[in-house]
Amino acid sequence: MKVIVIGCTHAGTAAVKTLANVNNNIDITVYEKNNNVSFLSCGIALYVGGVAKDASQLFYSSPDELKSLGATMHMEHEVLEIDTENKKVLVKDLNSGETRSDFYDKLVMTTGSWPIIPPIEGIRLGNILLSKNYNQANDIIAKTKDVNHVTVIGAGYIGVELVEAFEQNGKKVTLIDSEDRILNKYLDKEFTDIIEEELKGKDIELALQQTVTKFEGNDAGNVTKVITTKGEYETDLVILCVGFRPNTGLLKDKVDLLPNGAIKINEYMQTSDPDIYAAGDSCAVNYNPTGDKVYIPLATNAVRMGTLVGYNIAGQNVKYMGTQGTSGLHLFGLSMASTGLTELTAKANNIPYEAATIIENDRPEFMPTFEEVRLKVLYHQETREILGAQIISKADMTQMMNTLSVCIQTKMTIDELAFVDFFFQPHFNKPWNTLNQAGLAAVAKQAEKVKEPTGV
């Protein structure tokens, strides 16, 4: 059997390594547009900020490693067309310009995503950069050296991480976003308020609830000003972080897609064409809190899905368990993470919910040091199943979100969470774990509702 893998970042690398290790009799051919594989784009801000000193450590595999496993690697090759009826691909060598056809028995689409580039006047000016791959990371570092003012457009994870990196490098920073607060897809307002105060304390300019309408530049063709619906901002460099779009044009009208182009897959990672598998940022994922297929581009999803592709093509038949979209962030000394639904997304999905919020210290007050922790857990108003959670603290309590991710996946109720067995040790926590406390708060709230009125 011959398997062609198109694209080799997280999902593609995981698929190749798994397939090669499980069944080394399968012929694996990889086509990748870049000259590298497996770049951890979530480490770009750390690289830009100088925390990650060695860029080579942002790769967890290489073309040589995959070749040693038996894969035929074609780097700097672009697939131009896919003929699903005849199971052929048309490929272009980006160095020589030559094109040729290749055939497959099974095709793996791990083409990932690409940053959204909005059609704004002046978007092609110099010093307006993207932040996605290794070459772009190097470009950002090179350009940042000689500028004073950096403007980041987009207040998601990548945007705010870059803001921190630029501020720590001594740059004046402006952060622009059309929403009324930062990180609104991941955290509720009481959490983002804390982070915004930290940003303001670092003299980072927040320009929220405004949309960029135009870029202006100088005679050299470089950007000098960002114009929005509410103001104008002088700048030397702009980083676009407004989101990602799946790279799936090759499969348009060939397999089932979401309206945004994300590929629909079944629990075995197959598309509507059973000989085409897909994984990673090119796909929609099964989102357990709602049961819908949703586009959530995360490296964690990608490596799991790519691994499943490898097992399933090799005949192991391992089902995809879905995702809660669990993610974390460290910013200016604050550790935060979330899983599942926020209030915003629960309302958007018309899901009746309640919330239990705990503000507590991470360990007993008799210890030499302790830090405040804010935990919020959303649960279904009727079934009482846990729907989502968020946490923030100067102490690293983020692993609690991994625990709650499992709770959501297994449909645990908030009442059960109150009495789950967690250890106690004063160095780490309190006798009632913070997660238990959230459950207990919900149990007490329910008890108040059902308590019979007493006579006077």
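Residues numbered from 1 in each chain as written. Predicted model: local features only at pLDDT ≥ 70, side-chain atom pairs only at ≥ 80, totals over all residues. Heavy atoms only, no water.

J.: Where do I start with the nonpolar core in this structure?
T.: Most often, soluble globular proteins have nonpolar side chains that are buried together. Residues I28, I82, V89, L107, M109 and M269 are the most contacted members of the largest nonpolar core, which totals 55 residues. Once residues within four sequence positions are removed from consideration, L107 is found in contact with I4, I6, I82, V89, D275, I276 and Y277. Residues A52, L58, L183 and I392 belong to the second largest nonpolar core, which totals 41 residues. (Core = buried A, V, L, I, M, F, W, Y, C linked by side-chain atoms within 4.5 Å. Buried < 20%, exposed > 50% of the residue type's maximum accessible area, 1.4 Å probe, protein only. Contact = heavy atoms within 4.5 Å.)

J.: Just to check I follow, could you spell out the packing of aromatic side chains for this structure?
T.: Under the definition given, this model contains 6 aromatic pairs. Where F39 meets F59, the ring centres are 5.2 Å apart and the plane angle is 50 degrees; that geometry is what we call tilted. Placement of the pair is F39 in the loop between β2 (27-32) and α2 (44-48) and F59 in the loop between α2 and α3 (63-68), with a sequence separation of 20 residues. The class for F59 is buried, based on a relative accessible area of 19%. Ring-pair connections join several aromatic residues into one group, and the members of that group are F39, F59 and Y134. Cation over ring: K2 sits above F103, and NZ or CZ is 4.6 Å from the ring centre. Lying across the ring of F244, K132 places its NZ or CZ 4.8 Å from the centre. (Phe/Tyr/Trp six-rings, centres within 6.5 Å; stacked < 30°, edge-to-face > 60°. Helix = DSSP H or I, 4+ residues; strand = E, 2+ residues; numbered from the N terminus. Lys NZ or Arg CZ within 6 Å of the ring centre and 35° of its normal.)

J.: What is the right way to look at unusual backbone geometry in this model?
T.: Outside of glycine, negative phi angles account for most residues, and trans bonds account for most peptide bonds. Despite not being glycine, K87 shows a phi value in the positive range, around 55 degrees. Within the element layout of this structure, K87 appears in the loop between β4 (77-83) and β5 (88-93). With phi around 55 degrees, N317 is a residue other than glycine that occupies positive phi space. What makes N317 exposed here is its relative accessible area of 54%.

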